[in-house]
Structure formats: C-alpha cells, structure tokens
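Chain and residue survey
Spelled out, the chains give:
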Amino acid sequence: MGYNITQKLINSHLVKGNPVKGEEIAIRIDQTLTQDATGTMAYLQFEAMGIDRVKTELSLSYIDHNTLQSGFMNADDHKYIQTVCKKIGVHFSKPGNGICHQVHLERFGKPGKSLVGSDSHTPTGGGIGMLAIGVGGLDVAVAMGGGEFYLNMPSVTKVELKGKLKPMVSAKDVILKILQILSVKGGVGKVIEYGGEGVMSLSVPERATITNMGAELGATTGVFPSDENTRAFLKAQGREEDYIELKADPDAEYDEIIEIDLSQLEPLVACPHMPDNVKLASELEGLKVDQVCIGSCTNSSYADMMKVAKILKGRSVADNVSLVIAPGSRQVLTMLSENGALADIVAAGARIMECACGPCIGMGQSPKSEGVSLRTFNRNFEGRSGTADGQIYLVSPETAAWSAVTGVLTDPTKFASDVDVSVKMPEAFKINDNMVISPAKEGEAVEVVKGPNIKEFPKNTALPEELSLKAVLKVGDNITTDHIMPAGSKILPYRSNIPHLSQYCFEVCDKEFPARAKSWGGGFIIGGVNYGQGSSREHAALVPLYLGIKAVIVKSFARIHKANLINSGILPLTFENPDDYDTIDMGDELVLPDIRNKILNGEKVMLVNKTKCREIPLISDFSDRQKGILADGGLLNHTAAKR
Ligand code: MIC
Ligand code: SF4
C-alpha cells in the first residue's frame, strides 16, 4: 500500500509510537514559530525549563499581534521577546515586518519539514508542503528545547480538487465551501490533504489561504503537495534550493474523500457569528455595508492585494464604507508601493494599516454598533472585532473589494468581464530580510530585559486524591477561546500578566465569572460540544488555572485547547452520556472521588453531583504520558519531577 502525504511527513518525523489512527505518537520538530501574544509565555516557560539554547533547525519569533503601543505593556513584551530570543538562539522578526504566517511562508517555510507554532493558523505552512501544526506556547517551548511533539495519529481526509476556479472566485471560496460541508468541528482529529488535478491551478499563497482556515475546521492541519508551483514560488523567493517534491503515492489510501469541482464554485460568505455559517454571496446581495477590512494571515499575499488594487483602480470607495487594508508583509507592501498598486488603493480611498494582524484580533478598527463589516479574515466569532454587536462576514478579497466600491454586499462574478483580476506570480519577489534579527552566538553575553508588564505564569500543584468543588460556570456548544479569554486592544497587552487578564475571563458569556470563581475557591466548568475551538492561546487554560478551575467537563473538546488544559494540569473530562450535561446546574456541589488513582490507572471516572444525588460517568481517555502530566499538576511540574 502506498502512502499519502500526511503519512509520509509523519513517518519521516516519527520518534515514538505507532502511526495508527487515534494512537498517541511523537514527532521530531524541525522549525518553530511564535507570535508576540503567545510568545512571552512560551519564552518564560522555555526559561523555566533551564535550557540555554534552542535545538531546532530554525526557530522564529514574530511580532505581529500586539503592535498598538498605547502604553508600555506591548513594548515591554517586545523588548523581553527580542532579548530572550537573541540569547537562546531564536530569529526575531520586528514589528512591521509582517504577520507570522505570511512572512514564514515567504521567507522560511520548507516543504517536507515539520513546524509547530504557538498560533492556531500555523497550518498556513501546509500550503508549501510542510507538516505545520498550531499548538500551545508550552508545546513550542518543549520543541525549541529539542523535545518531541505529541499528538494523536490523525485520520486523513482527501479533498480531491477538480477543474479550475472561475474569474472572481477564489481560494477563500474553496475553504468556505469545505467549512460548509464539514462545519467548525468536522476537522477534529483529521489532517485535510489536498490532491487531484485542480491542485496545479492553485499557487502557493492560494493553497496557504486554504490550509490556513483548516484551523476553523478544528483540523490538526492541512497539506498540499509540493510540486512545480511550489518550486516556482520558492525560486521567486530566492530559495529554490529549499524545494523538494512531495506527493501522495498513486495507491495512497484515505479515511474519507471529499470532491470539489473548482469550476462549479461561486463566491461564498461566512455570516455572523461562525466561520461555517456559509451562504452564497448572491443570496446576500444588497446588504448595506459599513466597513470592509482586507488583510490577515488568510488573505494578505501579494496576489490578493494586487487583485484588490486592480478592482479599486480608477474607482472610489462608497460613501457609507470605511475600507481598511493591511498587507500581510513588508515584502507585499514594498512591491505594491514600487509597482504603483498602492497608489491605486490609496486613490480609491482606502485606509492603509501596518503589516500586522490589526483588526483581525480586535486591535483597532472595531465597527460601529451593529455595524456590518466584510472581512477577508478567518474568524467572525461574536465580539472578536471589539464591538459586541458587530456583524462580521468573512469573504474573499474580490467580494470585499467590489462591495467596498458598491457599498453593499456584492457578488463579484457579475463584474468578471469588467476587470481581469488574474495575477501572475512575480519572477522575483522583493527580498529584504533586514527586519529579521539573528540571534547572538552561543556563549555571547545578552541581557534579558523584563519590564514590569512581565509577570510570572501560574503553576499548578499535584492532583489530590479527591476534588470537591462547585460547578462554577455552565456554558453551551462551540465555546471559543475568544469566549474563554477574549483578546482585543484593551486586554491583549496583558498577555504576560495573568492576574490582570483574569478579570476578563468568560466576559462574553458571564461577567460575574471571575469574581464568583475567586469567592467559591475555584470550581469545575461544564460545557457542550467543541469546547475551546479557535485559537491556540494557552491563556484560555492558564487564566482558569489561576482562578482555581480544576476540571472542565464537556461533551467534546477542540484539539489544541484540550492539550493546553492537560499541559496546565486541569482535567479535561467528557460526558460518557452527553445528556448528563442537562442534569448539572451552576452552583451544584460536585465531587470527583479517588480521582488521582482513577486517572493514573485509567479507570472510569465518576462525577458525584451531591446537590442532585446523581452519579455521572465520565470519559478520561488519556495516554500514559498525559496521565503523568495530570497527576503531577501540569507539564512543567511533570518534567521537573522526572529529572
Ligand atoms: C487568533 O487568531 O485568534 C490568534 C490571536 O492569532 C490566536 C493566538 C492568540 O490568541 O494569541 C490563534 O489563532 O492561535
Ligand atoms: Fe493574526 Fe488574525 Fe492570523 Fe490570528 S488569525 S494570526 S490574529 S491575522
């Protein structure tokens, strides 16, 4: 039997375990990346591990999330990250150089390599044939120290692409289609592998748009073959030597196959407030628009921006629309400014933002109350834009640009004959890596600067024999990490200050939660399906840990968040019978008797609801490694205990 690409990548990096679906395996990590909003924690944890230098082939640290400096906090974090990176051997991409995933794709990603990043959109690297996985900061810290990365062997879904996209239909519409088919939880435990003759019609940045939003499917990652298009992209980036061919064997097998005929796709829109709430753009035609934002790690490549410039050239942004554009990297911005496209964009009336995440993570540009904002981004979770009742729609660059001009949501295909938006890949991208600072030589003295915004991270204690606490919060299905630990311009600057952050935990669902958790001495959280979907932020585990949360009991978990809970020593347990969720109310007195032994011995866990006089069976499906981590109260304690 032949191998698919996923199996080839995993087999070539396997260090432990049997690559059999669902079993825990460990892989060697070649590259790591962090961004600033998760990076401070990752580097504090790396320092706490007592390792002097990183042991990967290449590790990078990007500053792209917290670039608003309205106070000392973000600047403190940047200084800490820059100095610690210099010391431990990590390359540092300065603020303004671009969004981590875009820059990594352009300058550092290599087909055939493994990458973990402390950001859920790390699968962007799958567009260039990498095994690229989003993880929590502590898992990146471990990988930087040369440790393996553990995951459950995923199943592999093949997306068989046929045909070619019509003009004005784009890569974003492909992934929105897949989200419509699979939903925001349909990718959990899977790698989405792309194949078929349609692949050749997609450039590396288009492929990266598609794998990027694999995060929204909950997938472990996504991957495209590495082929002549990959070679051409690498060559144009001056790094043809990084090319290797990577393709599935003709007789490779898959767990599931989804066919998509690219030529049949129409422009799609993800409506508020979930990326899988997908409708046809033509159905929504005429919806009045207040704001259009173009950028983010999903759609900010040179080709995306050129398409937008072509549409805007000689036209004006509608009076009722504020158009905001953030090119994904300095490379893109430089090329747009040199070829005149930037002038066309500016002349149309766009507001140009720096090359960073910006509005995607609520760092400015929040829409007006109830404002309709069309965004080329990847997430439209409630409140994420910074406006609680903002109505965020996810669209392609083509739909965004035309809608900015017309002032209403517009199906761009009706203008297909007006403008040719095809963009040829440049023969040579503009290369300038002077905003990437190399680390110091080994042994060279470097002072690590920790300003007052950098506080210690919370540590857990070993799991006791019994846990007896109240249900301190009950939430529903599809709770995102943006619900658990919101971001945005007011809160994000405190990512290195857990006590401060804790005031905002679950703010979107229940403002009283932090105070209640403190006065009740912590507790258990009860939740529905796909709990913890979305970002990789381990703050969604560290802050509950700080507030005394000892277990999260839900119908099902999202992958990265479950791993982050385990790393923090919080028990992630699932209902054996999902209906038992209905029998627990907030405030109920709950007990997990003999829990330490049960976890360590892999026995069935019983939850006793003293208030309702009921016993509820729970699933605790942990590997031996995870049992040890949970018993010791988190990965750092576990590693220290093993020494
Ligand atoms: C996001 O898009 O939600 C973020 C902000 O990039 C997060 C990381 C974070 O919370 O810092 C992610 O996707 O992992
Ligand atoms: Fe940044 Fe948005 Fe991408 Fe997250 S999804 S890395 S906030 S651009």
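This text goes with the structure placed above it.
From a predicted model like this one, the values you see are computed outputs, not experimental measurements.

Helix and strand counts for the chain come out as 22 helices and 27 strands. Relative to a compact globule of 643 residues, whose C-alpha radius of gyration would be 26 Å, the chain shows 24 Å and is just as compact. Here the contacts in the chain between residues at least 6 apart in sequence split such that 77% fall between residues at least 24 apart. Accessible surface for the chain amounts to roughly 22000 Å². Of this, 49% is attributable to carbon and sulfur atoms. Computed over 67 positive and 77 negative side-chain charges, the separation of the two mean positions in the chain equals 3 Å.

Moving on: the sheet that holds strand S26 (residues 605-609). Pairing is mixed in the closed barrel, where seven strands are placed in the order S21-S22-S23-S24-S27-S26-S25. Taking the axes of each pair of neighbouring strands and ignoring which way they run, one obtains an average angle of 40° across the sheet. When strand S22 (residues 523-526) meets strand S23 (residues 549-554), the two strands line up parallel, connected through four bridges. Counted as the bridge partner of Ile-526 is Ile-553 from S23.

Here we take up the site of ligand 1. Contacts to ligand 1 come from 14 residues, most closely from Asp-119, Ser-120, Arg-384, Ser-536 and Arg-537. Separating an oxygen atom of ligand 1 from a side-chain N or O atom of Arg-384 is a distance of 2.7 Å. Between Arg-495 and ligand 1, the recorded distance is 2.8 Å, taken from a side-chain N or O atom to an oxygen atom. A total of 340 Å² of accessible area belongs to ligand 1 in isolation, and the protein chains cover 97% of it. Mapping ligand 1 onto the cavity grids shows that it belongs to the largest cavity. Classifying every residue of the shell around ligand 1 by side-chain character gives two nonpolar, seven polar and five charged.

Our next topic: the pattern of salt bridges. With the rule as written, the count across this model stands at 33 salt bridges. The residue Lys-113 makes a salt bridge to Glu-57 at a minimum N-O spacing of 3.0 Å. Taken as a pair, Lys-113 in the loop between helix H4 (100-108) and strand S6 (114-117) and Glu-57 in the loop between helix H2 (36-48) and strand S4 (58-62) lie far apart in primary sequence, 56 residues in all. Between Asp-242 and Arg-239 there is a salt bridge; the shortest N-O distance is 2.8 Å. As far as the burial class goes, Asp-242 and Arg-239 line up, both buried. Taken together, the shared-partner salt bridges in this structure form one network comprising Lys-110, Arg-239 and Asp-242.

Below, the discussion takes up the nonpolar core. Core analysis: the largest hydrophobic core is formed by 94 residues, its most contacted members being Phe-506, Phe-513, Tyr-531, Leu-571, Leu-573 and Leu-592. Top element by residues in this core is helix H3 (residues 72-88). It accounts for six residues. The residues contacting Phe-513, other than those within four sequence positions of it, are Val-472, Leu-473, Cys-505, Phe-506, Ile-525, Leu-547 and Ile-549. Within the second largest apolar cluster, 61 residues are counted, among which are Leu-105, Val-204, Leu-312 and Ala-341.

Next up on the list: the side chain of Asn-66. Tracing the chain through its elements places Asn-66 in the loop between S4 and H3. In this view, Asn-66 contacts Asp-36, Ala-37, Asn-74, His-78, Met-363, Leu-492 and Pro-493; residues no more than four positions away in its chain are not counted.

What follows deals with empty space enclosed by the protein. Counting across every chain of the model gives nine cavities of 30 Å³ or more. Considering the residues around the largest cavity, the lining is formed by 25 residues, among which Gln-35, His-65, Asp-119, Ile-361 and Arg-384 are closest to the centre. Counting only elements with at least two residues in the lining of the largest cavity, the list comes to H2 and H4. Grouping the amino acids of the lining of the largest cavity by side-chain chemistry returns eight nonpolar, 11 polar and six charged.

The strand order across the open sheet built from four strands is S11-S10-S9-S12, with neighbouring strands paired in parallel fashion. Each edge of the open sheet carries a strand with a single partner, namely strand S11 (221-223) and strand S12 (256-261). Strand-to-strand twist across the sheet, computed as the mean angle between neighbouring axes with direction ignored, equals 20°. As judged from the six bridges shared by strand S9 (residues 155-162) and S12, these two strands associate in the parallel manner. Paired with Val-159 across the two strands is Ile-258, which belongs to S12. Running at roughly 135° to S12, helix H6 (residues 171-182) makes contact with S9, strand S10 (190-195) and S12 of the sheet.

All right, on to unusual backbone geometry then. With omega at -5°, the peptide bond leading from Pro-272 into His-273 counts as cis. Tracing the backbone through its elements, the reader meets His-273 in the loop between strand S13 (268-270) and strand S14 (278-280). Positive phi, close to 60°, is recorded for Glu-370, a residue that is not glycine. Mapped onto the secondary structure, Glu-370 falls in the loop between strand S17 (351-352) and strand S18 (372-375). Look at Glu-370 and you get exposed, because its relative accessible area is 58%. Even without being a glycine, Asn-478 presents a positive backbone phi close to 55°. Mapped onto the elements of the fold, Asn-478 is located in the loop between strand S21 (467-474) and helix H15 (481-484). For Asn-478, a relative accessible area of 18% gives the class buried.

So, how was this worked out
- Residue numbers run consecutively from 1 along every chain, following the written order of its sequence.
- For naming, the first written chain is A and the first written ligand is 1, with later ones following in the order written.
- Given that this is a predicted model, residues contribute local features only at a pLDDT of at least 70 and side-chain atom pairs are listed and counted only at 80 or more, while totals for whole chains, interfaces and linings are drawn from all residues.
- By convention in this description, side-chain values take in all heavy atoms of the structure and omit both hydrogens and water.
- Only runs of H or I of at least four residues qualify as helices and only runs of E of at least two qualify as strands under DSSP, and these elements are numbered from the N terminus.
- Two things to know: the radius of gyration comes from C-alpha atoms, and the globule rule equals 2.2 Å times the number of residues to the power 0.38.
- Whether two residues are in contact is decided by their heavy atoms, any of which lying within 4.5 Å being enough.
- Under the convention used here, a 1.4 Å probe and the Shrake-Rupley method define accessible areas, while residue burial counts only the protein chains that appear.
- Neither His nor the chain ends contribute to the count of charged residues, in which Lys and Arg are positive and Asp and Glu negative.
- Every charge is mapped to an atom, namely NZ of Lys, CZ of Arg, CG of Asp or CD of Glu.
- Strand pairing is assigned whenever DSSP identifies at least 2 bridges connecting the two strands.
- Every angle, taken between N-to-C directions, lies between 0 and 180 degrees, and every axis is a line fitted to C-alpha atoms, over only the stretch in contact when it is a helix.
- Throughout, the term near means that a residue has one or more heavy atoms lying within 4 Å of the molecule or strand in question.
- Identification of polar contacts relies on pairs of N or O atoms within 3.5 Å, with a donor-acceptor requirement for protein atoms, meaning one able to donate a hydrogen and the other able to accept it, and with residues adjacent in sequence counted only if both atoms are side-chain atoms.
- Grid spacing is 1 Å over the protein atoms alone, the probe is 1.4 Å, and a cavity is where that probe fits but cannot get out, while a pocket is an open set with protein on both sides within 12 Å along at least five of seven lines and lining residues have an atom within 4 Å of a point.
- If over half the atoms of a molecule are within 2 Å of the grid points of a cavity or pocket, the molecule is regarded as sitting in it.
- Side-chain classes follow a simple rule in which Ala, Val, Leu, Ile, Met, Phe, Trp, Tyr, Cys and Pro form the nonpolar group, Asp, Glu, Lys and Arg form the charged group, and the remainder, Gly included, forms the polar group.
- The salt bridge definition used is simple: a Lys or Arg side-chain nitrogen within 4 Å of an Asp or Glu carboxyl oxygen.
- When a residue's accessible area, from a 1.4 Å probe over protein chains only, is under 20% of the maximum for its type it is buried; when over 50% it is exposed; and in between it is partly exposed.
- Definition of nonpolar core: a set of buried residues of the types Ala, Val, Leu, Ile, Met, Phe, Trp, Tyr and Cys, connected through side-chain atoms within 4.5 Å.
- Grid points are joined across faces, edges and corners, and a volume is the space filled by probe spheres set on the points.

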